[in-house]
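What follows is the residue order along each chain.
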Amino acid sequence: MATETLTLGKALNVGLRKALENDPKVVIMGEDVGKLGGVFRITDGLQKDFGDQRVIDTPLAESGIIGTAIGLAIRGYRPVCEIQFDGFVYPAYDQIVSQVAKMHYRSRGKLRIPMVIRIPFGGGIGAVEHHSESPEAYFAHTAGLKVVSCANPQDAYVMIQQAVASDDPIVFLEPKRRYWEKGPVDVDAPLADAYPLHAARVARPGTDVTLLAYGPMVRTCLDAATAAAEDGRELEVIDLRTLSPLDLGVVYESVKRTGRAVVVHEAPGNLGMGAELAARITEECFYSLESPVLRVTGFDTPYPAARVEEEYLPDLDRVLDAVDRTFGW
Amino acid sequence: MAKGDPGVTRGGRRAAPRSRKGATGDPELVQLLTPEGERIDSVTGPDGTEYRVDFTDEEYRGLYRDLVLVRKLDAEATALQRQGELGIWASLLGQEAAQVGSGRALRTQDMAFPTYREHGVLYCRGIDPIMPLGLFRGVDQGGWDPNEFKFNMYTIVIGAQTLHATGYAMGVAMDGKTGTDDGEAVIAYFGDGATSQGDVNESFVWAGVFNAPLVFFCQNNQYAISEPLERQTRIPLYQRAAGFGFPGVRVDGNDVLATYAVTRHALDNARHGQGPSLIEAYTYRMGAHTTSDDPTRYRIASEVEAWQAKDPIARMKAFLDKQQIAGADFFAEVDEQARRESVHLRERVLAMPNPEPTTLFDHVYPNGSPLLDEQREQFSKYLESFEGSAH
């Protein structure tokens, strides 16, 4: 077992390299993914090693990226599209929602679009507007798309390969503020034995409150759990990993034990993932709940200017404040 | 000509055409058959390309048969909608030559990306005309396998399919399937309104920079529902190609011969690795946008009458008749075939079963979803709760 210490970004890079090696039909396409290796260097070195027909620098047109990727998929390719930043996915929204998501359904299963749409998402990097958004609810709300997000290097490495290998169209959300965080990655473990793509996982066991998070907020919740432990509270942190479909078995089991749940995400709260989770938990765990399901989220504003984003983003203190409030009922 | 490849088979008696060099009333328009049915031997396009066709009599008759059949089947679909058997229908009336000419120009290995009005192209691809009627009847969503028929599913979002065609054509090139006589080419259909869409313009950019083996086939039928061409463009549409770096040509879209010649030329250029081109098939939507539309609100009768005089079928019939390629018996036989096929189509449309309710959960994902499994199960139980009751 070859375990290496990699950043999350490098783990994605190595995972994509494996995907290119494993299937000659896999193509990477996007803006600046070639010579530059992407603005976050996630595709660094791949065009040099696989050529410009496997790693394609595209014109600067997001709808064009997704639309032509559909055509390539019809032709038998497996496109991995990079959208440079979350806030730039909207020009491609029609192609994603009206075309990618519906083709298998409309064709009654005769046409598959095995596409991965990689989107660096979320804030916390001091960026200018349109570079810090969390659009996951738009995609999770769309039938025909699957939506996942990785939270650590090991998952990044495995999940990107699983997503590429899947015949479902997958929106793959990368927590951009965590690109530089390091962790152990077992680069030789067979993909077939890996933890399933569409499964949640307990990231830290606990007994008192269940924290539900994904992507960048998993780290925040783990830090909150560490802090809470010093005060004698054991928080269970669940890394949801898959936002569509949600893997709720792990969630229900946890909440039935703890009786309390707090959902944490960067995206605005109104009609966000937390709303769906709260509804589902209420339906399934009603008699186990000691308090309502609470949400700690971004506010229902446009993503604010960078100098106030720390106030906008859920952080350790806001998570712990919500945890405290679950004991107030 | 249903299975034929017109223009490839040589021989047979030909009409005696006159020759002309780009001398139509409209110098921009490639035309090989005038509205009066006069045959023009060859025409030189704006870029110096000489267009001609070289059909046998049998092939000429085959094209006429195609035109009549697709018009009749289309009329039957319109009638079915009027009788409540289809939810809506987008008629191709008036555009038969543009569709038959381009459809017959496709070689077997070529791939087509239609809008929702290419019933004539579909027919020329040898596809059962019943296939799209499920979509318009509402029993399915046009669910065929694009790769089986080399004909993509109908696309309703305007212009979206041009990007799919571009990507597919990039794949053709990446597969090394260009550069030879048996190379593959791709054709993307769209209308004049679609040329305003971002996706179409993005397609032009992409096809150009990737040298995709693609023919952009714009049926300029003069209207995007109610909006005239002047609301979409300041210049002739085919001239837009120049700005994207590939050839553009305007063809008389009511002339099946010229449309065939221009499309075949563009497709063969594409399959030989010479990249994309744009064809503007200049035609007219004789009917409504769809059966839900009322064109009398936005266009005048004299305009429609003027285009009536350029009818694609009438001119082909006049040509066949004048040149004694076909006579009354032939025309009657074609009409009878069209009648039979339309009756057959009608019978099969009426026999289309409604889908079972729980099939609405099918095929959302190749790998399924536990959420949908749960909803399907709950909904099935709900339905079962009514069984045996009078509800």
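What counts, and where the lines are drawn
- Residues numbered from 1 in each chain as written.
- Chains lettered and ligands numbered in written order.
- Predicted model: local features only at pLDDT ≥ 70, side-chain atom pairs only at ≥ 80, totals over all residues.
- Helix = DSSP H or I, 4+ residues; strand = E, 2+ residues; numbered from the N terminus.
- Contact = placed C-beta atoms within 7 Å.
- Axes fitted to C-alpha atoms, helices over the stretch in contact; angles between N-to-C directions.
- Parallel < 35°, antiparallel > 145°, perpendicular 65-115°, else oblique.
- Left-handed = near helix turned anticlockwise from the far one by under 90°.
- Pairing = 2+ DSSP bridges.

A.B. asks: So what's going on with the overall build of chain B? Residues and values would help.
C.D. replies: A count of helical and extended segments in chain B gives 13 helices and 10 strands. With the C-alpha coordinates of chain B rotated into their principal frame, the extents come out at 75 × 50 × 45 Å. For chain B, restricting intrachain contacts to residue pairs at least 6 apart in sequence, the fraction spanning at least 24 positions comes to 75%.

A.B. asks: Go over the interface of chain B and chain A with me, naming the residues and quoting the values.
C.D. replies: In this complex, chain B contributes 37 residues to the contact, which on the side of chain A involves 34 residues. Secondary-structure elements contributing two or more residues to the side of chain B that touches chain A are helix H5 (146–149), helix H6 (160–174), helix H7 (198–209) and helix H13 (370–384) of chain B.

A.B. asks: Got a sec to walk through the packing of helix H8 (residues 216–230) of chain A against helix H12 (residues 316–326) of chain A? Specific residues and values, please.
C.D. replies: Residues and elements named next belong to chain A. For the pair H8 and H12, interaxial distance at closest approach is 9 Å and the crossing angle is 60 degrees. In terms of orientation, H8 lies oblique with respect to H12. Relative to H12, H8 is oriented so that their crossing is right-handed. From H8, Thr220, Cys221, Asp223, Ala224, Ala227 and Ala228 reach across to H12, where they touch Leu316, Val319, Leu320 and Val323.

A.B. asks: So what's going on with the sheet that holds strand E10 (residues 209–213) of chain A? Which residues, and what values?
C.D. replies: Residue and element names in this part refer to chain A. Across the sheet, 5 strands lie side by side as E9-E11-E10-E13-E14; this open sheet has mixed pairing. Both edges of this open sheet fall to strand E9 (201–204) and strand E14 (294–298), since each of them pairs with a single strand only. The mean inter-strand angle of the sheet, taken between neighbouring strand axes irrespective of direction, is 30 degrees. Looking at chain direction, strand E13 (residues 261–268) and E14 are connected through 5 bridges and run parallel. Each residue of the ladder has a partner; that of Val262, found in E14, is Leu294. Across the sheet, H8 lies against E9, E10, strand E11 (235–239) and E13, angled at about 170 degrees from E11, the strand it touches most. H12 rests against E10, E11, E13 and E14 of the sheet, and its axis sits at about 160 degrees to E14.

A.B. asks: Break down the sheet that holds strand E9 (residues 248–252) of chain B for me, citing the residues and quoting the values.
C.D. replies: Residue and element names in this part refer to chain B. With parallel pairing, the 6 strands of this open sheet are ordered in space as E1-E9-E10-E6-E5-E4. Unpaired on one side and paired on the other, strand E1 (29–30) and strand E4 (111–113) mark the two borders of the sheet. Across 5 bridges, E9 lies against strand E10 (residues 277–282) in parallel orientation. Bridged to Val249 within E10 is Ile279.

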